[in-house]
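# Examining the three-dimensional arrangement
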Amino acid sequence: MKTNTCCFFGHRTIKETEELKNKLRDAVEKLIVEENVDTFLFGSKSRFDSLCLEIVTKLKEKYPHIKRIYVRAEFPTIDDSYKAYLLKSYEDTYYPSKIIGSGKAVYIERNYEMIDKSLFCIAYYDEDYIPKKRKSGTKIALDYAIKKKRNTIVFP
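All residue numbers here refer to positions counted from 1 along the written sequence of the relevant chain. Note on the predicted model: pLDDT of at least 70 is required for a residue's local features to be given, and 80 or more for side-chain atom pairs to be given and counted; whole-chain, interface and lining totals, by contrast, use all residues. Just so you know, side-chain values use all the structure's heavy atoms and leave hydrogens and water out.

In this text, helices come from DSSP runs of H or I with a minimum length of four residues, and strands from runs of E with a minimum of two, each type numbered from the N-terminal end. A count of helices and strands for the chain gives five helices and six strands. Beginning at the N terminus, the succession of helices and strands in the chain can be written as β-α-β-α-β-α-β-α-β-α-β. Projected onto its principal axes, the C-alpha coordinates of the chain cover approximately 40 × 40 × 25 Å. Buried residues are those whose accessible area, probed at 1.4 Å on protein chains only, stays under 20% of the maximum for their type, while exposed residues exceed 50% and partly exposed ones sit between those limits. Taking all 156 residues of the chain together, the buried fraction comes to 46%. Excluding contacts between residues fewer than 6 apart, the proportion of contacts in the chain whose partners are at least 24 apart in sequence is 76%. Any two residues having at least one pair of non-hydrogen atoms within 4.5 Å are treated as being in contact.

Here it is as structure tokens:
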């Protein structure tokens with residue numbers, strides 16, 4: 001676990017408001033300033049991930065030392081052109097070797113990887129959004145972060 005690392009996870013769709021954006025930006029900036037967080041881990045496939053990336057990217061203008069890392073759940077190996085594309089938005093990307101062969105659980109395993117490597121987690125969890133026919137990946141990740149005693153900030 002890295003003490004200066006924060007990961008993000010949340011639902012694919014969110015109730016995006018200016019209030020949420022402002023609170024999220026304030027929470028991230030507080031981690032940078034007060035907790036010396038300089039590394040942010042991102043997944044994909046959710047609007048929450050995209051919003052967090054937008055916010056951290058904007059804060060990078062003020063705090064150029066921070067790093068954005070994309071933790072892939074797809075494509076264990078990538079070619080140079082795809083890597084170059086990703087590095088336009090991130091400082092680094094990797095595919096955790098321990099998630100190879102995870103099948104349908106690959107996103108859950110990727111989230112576990114990010115949580116394991118972080119002291120802080122920022123999540124978007126809305127009970128009204130929980131799917132009825134399957135387990136919520138966000139709920140699984142949130143329960144795991146709590147079990148691992150991560151400092152977790154939950155929105156909305």
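Still more ground to cover, so stick around.
Pairing of aromatic side chains here covers Phe, Tyr and the six-membered ring of Trp, requires ring centres within 6.5 Å, and sorts the geometry by plane angle: under 30 degrees stacked, over 60 edge-to-face, intermediate tilted. In total, this model carries eight aromatic pairs according to the counting rule given. An angle of 25° between the planes, with centres 4.0 Å apart, marks the rings of Tyr 112 and Tyr 144 as stacked. Within this pair, whereas Tyr 112 is found in helix α4 (residues 106–116), its partner Tyr 144 is found in helix α5 (residues 137–147), the two being separated by 32 residues in sequence.

Attention now moves to the packing of helix α1 (residues 18–35) against helix α2 (residues 47–62). To get an axis, a line is fitted to the C-alpha atoms, and for a helix only the part in contact is used. The angle between two axes follows their N-to-C directions and goes from 0 to 180 degrees. Between α1 and α2, the least distance of the axes is 10 Å, while the angle of their chain directions is 55°. As far as their axial angle goes, α2 and α1 are oblique. Crossing of α1 over α2 shows right-handed handedness. Here Leu 20, Lys 21, Leu 24, Arg 25, Val 28, Glu 29 and Ile 32 of α1 come into contact with α2, specifically with Phe 48, Leu 51, Cys 52, Ile 55, Val 56, Leu 59 and Lys 62. Just so you know the grouping, Ala, Val, Leu, Ile, Met, Phe, Trp, Tyr, Cys and Pro go in nonpolar, Asp, Glu, Lys and Arg go in charged, and all remaining residues, Gly too, go in polar. Among the residues making up the contact of α1 with α2, the classes are represented as 10 nonpolar, no polar and four charged. Small angles under 35 degrees read as roughly parallel and large ones over 145 as roughly antiparallel, with 65 to 115 read as roughly perpendicular and the rest as oblique. A clockwise turn of the near helix away from the far one marks a right-handed crossing, whereas an anticlockwise turn of less than a right angle marks a left-handed crossing.

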